[in-house]
Amino acid sequence: MLVTKQPVFRNFWYPIAPLAKLSDRPYSFTLLEEKLVLWLDAQGQPAAAQDRCCHRSAQLSLGTVKNGCITCPYHGWQFDEAGQCCNVPQLADDALIPKTYQIQSYRCEARYGYAWVCLGEPLQPIPHIPEADDPAYRLIHEFYEPWNCAGLRVMENELDLAHPTFVHTTTFGSEEHPIPDHLETEETDYGLKIRATLGVVNPELQQKNLNMAESQTQRLLDMDWFMPFTCCLRINYPNGLTHMIVNTMTPISDGRSQMVQFCLRNDTEAELKAVDAIAFDRQVTLEDQAILETTDYDVPLESKYEQHMMTDKPGLLIRRRLAALLKAHGETEQTRSTTKP
């Protein structure tokens, strides 16, 4: 499936940029091959629009922000968060600005420290993570970087409990537990709920991170997949610690995604420095990235085009839900073979 050829994916929210990147200048990003500009409006809230001035098509992200309006670098036209032109320096002060002087704006909201954008009519809200509002948890921003793979591959990988033994050989993969001890799935209105138990090793760095001296332990997993490309992994340990990973693969193009990841923990900075939690998760993501960037980004939704095993059930359910999504919106799956001229 080629995500850029399926219009329905424009109707979901994606985290585009950390709010900190919008603090002093416009920010450029490509979402589903649509070039965007983001900035902070007069109320300090994120705004998003097509990165193209309606006058002579200059790239607005090369401009500046004045009084909460994006200012074109070519002739100084200014546009507010709704895309309406609010100042044309070449016009007299009392002249009316034509209503046709406007740019395409998009829905944009701040959540979890990021600016989220939806290019169309949202089919679902921004994924709800209750722990982000719970004072017992702290939110740690981890990674914001492009990966050369499909977001769907990463979503399946997040819920694939057969790969750690072979991929995460330096972090938590256990040769004694090539499959989970327990795995159950449940379809929800937002996607999937998965509960599982997985035996893992507990190396020295992780022993410090978990405050556990044992060399092996169990992960009690409570995982959510939010359509289309967000996973929330609640990793619960026997000592009561919860380390949550929230990962969204924001689609840039068919073969390239922006990996946005943050974690939540029910401990404190005094108990564990954030940099140490990030360091272990970085090792894990690098092991995943090395494999996932070798996979084919044209992921087939029909099961017959790839082979499967019992631990692939969550991934197969994801594909089935996405296939049903396309059908419900009158779309057929677009692939490299169907889009050839």
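Residues numbered from 1 in each chain as written. Predicted model: local features only at pLDDT ≥ 70, side-chain atom pairs only at ≥ 80, totals over all residues. Heavy atoms only, no water.

Draft legend 1. How the structure looks around the overall build of the protein chain. When its secondary structure is counted, the protein chain shows 5 helices and 17 strands. Since a compact globule built from 341 residues should have a radius of gyration of about 20 Å, the 22 Å found for the protein chain is in line with a globular shape. Contacts spanning at least 24 positions in sequence make up 60% of the contacts within the protein chain whose residues lie at least 6 apart. Of the roughly 15800 Å² of accessible surface on the protein chain, 50% is carried by carbon and sulfur atoms. Taken together, the 30 basic and 46 acidic charged side chains of the protein chain have centroids lying 6 Å from each other. (Helix = DSSP H or I, 4+ residues; strand = E, 2+ residues; numbered from the N terminus. Rg over C-alpha atoms; globule rule 2.2 N^0.38 Å. Contact = heavy atoms within 4.5 Å. Areas by Shrake-Rupley, 256 points an atom, 1.4 Å probe, with all protein chains shown as cover. Lys, Arg positive; Asp, Glu negative; His and termini not counted. Charge placed at Lys NZ, Arg CZ, Asp CG, Glu CD.)

Draft legend 2. Region of the structure containing helix 5 (residues 313-328). Between the first and last C-alpha of helix 5 there are 22 Å, a value that for 16 residues agrees with the 22 Å anticipated at 1.5 Å per step. Residues of helix 5 that are buried: Pro314, Gly315, Leu317, Ile318, Arg319, Arg321, Leu322, Leu325 and Leu326. Check the buried side of helix 5 and you find it contacts helix 1 (151-158), strand 12 (182-187), strand 13 (191-201) and strand 14 (216-226). In the stretch just after helix 5, Gly330 is the one whose phi turns positive, near 70 degrees. (Expected span 1.5 Å × (residues − 1). Buried < 20%, exposed > 50% of the residue type's maximum accessible area, 1.4 Å probe, protein only.)

Draft legend 3. Expanded view of the pairing of strand 9 (residues 105-111). Across 2 bridges, strand 4 (residues 46-50) lies against strand 9 in antiparallel orientation. Bridged to Ala48 within strand 9 is Tyr106. Of the pairings in the sheet, the one linking strand 9 to strand 10 (residues 114-118) comprises 5 bridges and is antiparallel in character. Its bridge partner being in strand 10, Arg107 is matched across the sheet by Cys118. Turn length for the strand 9-strand 10 hairpin, with the two strands adjacent in sequence and antiparallel, is 2 residues, and the turn residue Tyr112 shows positive phi of about 60 degrees. (Pairing = 2+ DSSP bridges.)

Draft legend 4. Representation of the nonpolar core in the model. The biggest cluster of nonpolar side chains holds 78 residues, and the ones touching the most others in it are Phe9, Leu31, Leu38, Val117, Trp225 and Leu322. Beyond its immediate stretch of four places on either side in the chain, Leu38 contacts Ile16, Leu22, Arg25, Pro26, Tyr27, Ala47, Ala48, Cys108, Ala115 and Val117. Residues Val37, Trp39, Ala49 and Ala58 belong to the second largest nonpolar core, which totals 14 residues. (Core = buried A, V, L, I, M, F, W, Y, C linked by side-chain atoms within 4.5 Å.)

Draft legend 5. Spotlight on the pattern of salt bridges. On inspection of all chains with the given rule, the structure shows 22 salt bridges. Two residues, Arg320 and Glu187, come together in a salt bridge whose shortest N-O distance is 2.3 Å. Remark: Glu187 occurs in strand 12 and Arg320 occurs in helix 5; sequence separation between them is 133 residues. Judged by its relative accessible area of 37%, Glu187 is partly exposed. Asp222 is the partner of Lys193 in a salt bridge, and the nearest nitrogen-oxygen pair spans 3.0 Å. Of this pair, Lys193 sits in strand 13 while Asp222 sits in strand 14; the two residues are 29 residues apart in sequence, bridging distant segments of the chain. Overall, Lys193 belongs to the buried group, its relative accessible area being 13%. (Salt bridge = Lys/Arg side-chain N within 4 Å of Asp/Glu carboxyl O.)

Nothing here speaks to function; it is geometry throughout.
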